[in-house]
Amino acid sequence: MDEIAYQLEPQLTADEFVDVLRRSTLAERRPVEHPELIARMLEHADLIVTARNAAGRLVGVSRALTDYGYATYLSDLAVDEAYQRQGIGRELIRRTHEAAGLETALILLAAPKARDYYPHIGMDRHDSCWIIPRR
């Protein structure tokens, strides 16, 4: 198992972000074919926490929007499939929440393949989410 280094990385490049999205399967639900949109997503994120292996390769990322007082929306959590089940996702969530402020509620919408993951790490299910779909 590689040693994993975590850090706040607000200048994460769109290319690296897309690469880890593809290796995590999250690319299925993200606009990876639109680099200008990916760049905007990164530019306007309040928190980007990364996980890198010993060679410096990005193996996980958390991207969040927060007001640092009341709410933190964890909009992306991606871990390279080859590195899953090692606690990287849990640690990215912990560090994101810590950086935003533990007094904030941490909120996320689970990807269909990850619905069973979040209760496993101690998150509570909430049954009243409402959205206006993208156009």
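Our subject is the structure that appears above.
Please read all numbers here as calculations on a predicted model, not as lab measurements.

In this section: the overall build of the protein chain. The secondary structure content of the protein chain amounts to four helices and five strands. For the protein chain, the α and β elements follow one another from N to C terminus as β-α-α-β-β-β-α-β-α. The globule rule puts the C-alpha radius of gyration for 135 residues at 14 Å, and the 14 Å found for the protein chain is close to it. Oriented by its inertia axes, the alpha-carbon framework of the protein chain measures out at about 40 × 35 × 30 Å. Here the protein chain holds 135 residues, and 42% of them are scored as buried. Contacts in the protein chain between residues far apart in sequence, at least 24 positions, make up 60% of those at least 6 positions apart. Within the protein chain, one finds 17 positive and 21 negative side-chain charges whose respective centroids are separated by 5 Å.

Before going further, it helps to examine the nonpolar core. In summary, soluble globular proteins display a tendency toward joint burial of nonpolar side chains. Among the nonpolar cores identified, the biggest contains 36 residues, and Phe17, Leu21 and Ile88 are the most heavily contacted of them. Of all the secondary structure elements, the ones that give two or more residues to this core are α1 (14-24), α2 (35-43), β2 (47-52), β3 (58-66), β4 (71-79) and α3 (88-100). What Ile88 contacts, discounting residues up to four positions off in sequence, is Ile4, Tyr6, Ala51, Val59, Val79 and Tyr83.

Moving on: α1. Looking only at α1, the buried set comprises Phe17, Val18, Val20, Leu21, Arg23 and Ser24. Next to the buried residues of α1 lie α2, β3 and β4. Two residues or fewer past α1, Thr25 is found with a positive phi of approximately 80°.

The final tally for this structure, using the stated rule, is twelve salt bridges. Note that Arg23 is salt-bridged to Asp19, the shortest N-O span being 2.9 Å. Within this pair, Arg23 and its partner Asp19 are both found in helix α1, separated by four residues, close to a single helical turn. For Asp19, a relative accessible area of 32% puts it in the partly exposed group. One network of salt bridges, with partners in common, ties together Asp19, Arg23, Arg57 and Asp80.

This part covers the side chain of Thr66. Its location among the elements puts Thr66 in strand β3. Take Thr66: its relative accessible area is 12%, and that puts it in the buried class. A distance of 3.0 Å separates a polar side-chain atom of Thr66 from the backbone nitrogen of Tyr68. In terms of polar contacts, Thr66 uses its side chain to reach the side chain of Thr72, at 2.8 Å. When near neighbours in sequence (up to four residues on either side) are disregarded, Thr66 contacts Asp46, Leu47, Ala71, Thr72, Ala100 and Thr104.

This paragraph deals with unusual backbone geometry. Its identity as a non-glycine residue notwithstanding, Thr25 has a phi of 80°, on the positive side. Relative to the helices and strands, Thr25 is located in the loop between α1 and α2. Phi angles above zero are rare outside glycine, and Arg85 is one such case at about 70°. Tracing the backbone through its elements, the reader meets Arg85 in the loop between β4 and α3.

Definitions and cut-offs
Residues numbered from 1 in each chain as written. Predicted model: local features only at pLDDT ≥ 70, side-chain atom pairs only at ≥ 80, totals over all residues. Heavy atoms only, no water. Helix = DSSP H or I, 4+ residues; strand = E, 2+ residues; numbered from the N terminus. Rg over C-alpha atoms; globule rule 2.2 N^0.38 Å. Buried < 20%, exposed > 50% of the residue type's maximum accessible area, 1.4 Å probe, protein only. Contact = heavy atoms within 4.5 Å. Lys, Arg positive; Asp, Glu negative; His and termini not counted. Charge placed at Lys NZ, Arg CZ, Asp CG, Glu CD. Core = buried A, V, L, I, M, F, W, Y, C linked by side-chain atoms within 4.5 Å. Salt bridge = Lys/Arg side-chain N within 4 Å of Asp/Glu carboxyl O. Polar contact = N/O pair within 3.5 Å; in protein donor to acceptor, adjacent residues only side chain to side chain.

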